[in-house]
Amino acid sequence: MIIQLCGLSGAGKTTIATNVKRKGIAYHTPIEIIDGDAYREFLCKDLGFSKEDRCENIRRLGFVASRLSGHGIVCIISAINPYDEIRHELATTYEHVKTVYIDCPVNELITRDTKGLYKRALLPNGHPDKISNLTGINDPFEAPSNPDLHLRTNEKSITACTNELFAFIRNTISSQLLPVHAQIRN
């Protein structure tokens with residue numbers, strides 16, 4: 001299974017993914033995190049932040065996830081993943097892809113600003129430290145209209161969101177195995 005998380009910077013994607021992976025270890029469920037920030041340093045460092053480059057970034061992350069998923073590992077792609085078009089492409093290219101929206105209002109994220117990105121994006125034009133392509137501020141984010149799971153980190157704790165995502169993964173795995181068990185019995 002491939003879980004494609006999507007959501008704005010600072011919404012909690014990596015934190016939730018890391019916590020879910022820890023739970024997976026405790027429950028003998030192999031989970032690998034494919035973190036957009038980490039992969040940009042190595043596999044995707046040739047890419048910028050144009051729409052085309054952002055989509056190519058997700059394609060590459062999806063390909064890596066598909067290889068691991070084919071070996072029974074649940075892969076969580078933790079990336080902003082801002083465009084419906086590429087999320088749909090991943091879901092139709094590979095089997096068992098689920099979209100999970102990690103949602104938090106921009107005003108809350110500006111308050112949290114864990115990486116200082118929002119402060120830099122809100123600097124006046126022409127400022128040397130201004131970020132001009134921060135998703136949700138001066139670059140678009142298309143919220144998924146019908147995600148498989150919608151987690152609101154401004155309304156629920158990280159622990160509650162972690163538990164909900166992990167339960168979703170376990171239930172999805174169980175439902176995928178039911179047809180296989182029925183075939184084996186017949």
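Residues numbered from 1 in each chain as written. Predicted model: local features only at pLDDT ≥ 70, side-chain atom pairs only at ≥ 80, totals over all residues. Heavy atoms only, no water.

## Considering the sheet that holds strand β4 (residues 97-103)
For the record, the criterion: Each pair of strands is called paired provided DSSP finds at least two bridges between the two strands. Here a strand is any run of E in DSSP of at least two residues, a helix any run of H or I of at least four, and the numbering for each starts at the N terminus. In this analysis an axis means a line fitted to C-alpha atoms, helices contributing only their contacting stretch, and an angle means the value between N-to-C directions, from 0 to 180 degrees. Any two residues whose heavy atoms approach within 4.5 Å are treated as being in contact.
With parallel pairing, the five strands of this open sheet are ordered in space as β2-β3-β1-β4-β5. Single-partner strands in this sheet number two, and they are β2 (31-35) and β5 (149-152). Strand-to-strand twist in this sheet, taken as the mean axis angle between neighbours without regard to direction, amounts to 20 degrees. Helix-sheet contacts for helix α3 (residues 51-69) involve β1 (2-6), β2 and β3 (74-78), and the interaxial angle to β3 is about 165 degrees.

## Focus on the environment of lysine 23
Structurally, the position occupied by lysine 23 is in helix α1 (residues 13-26). Separated by 140 residues in sequence, lysine 23 and asparagine 163 have C-alpha atoms that sit 8.6 Å apart.

## Some words on the pattern of salt bridges
Put simply, the rule is: Salt bridge, as used here: a side-chain nitrogen of Lys or Arg that lies within 4 Å of a carboxyl oxygen of Asp or Glu. Buried, partly exposed and exposed residues are distinguished by accessible area as a fraction of the type maximum, computed with a 1.4 Å probe on protein chains only: under 20%, between the cut-offs, and over 50%, respectively.
Applying the stated criterion across every chain, the model contains eleven salt bridges. Between aspartate 139 and arginine 54 there is a salt bridge, with the nearest N and O atoms lying 3.1 Å from each other. Residue aspartate 139 is found in the loop between α6 (117-121) and β5, and its partner arginine 54 is found in helix α3; the two are separated by 85 residues along the sequence. On the basis of relative accessible area, arginine 54 is assigned to the buried category, the value being 7%. Here glutamate 164 and lysine 156 are joined by a salt bridge, their closest N and O atoms 2.6 Å apart. When its relative accessible area of 27% is taken as the criterion, glutamate 164 is described as partly exposed. Accessibility expressed as a relative area gives 36% for lysine 156, which makes it partly exposed.

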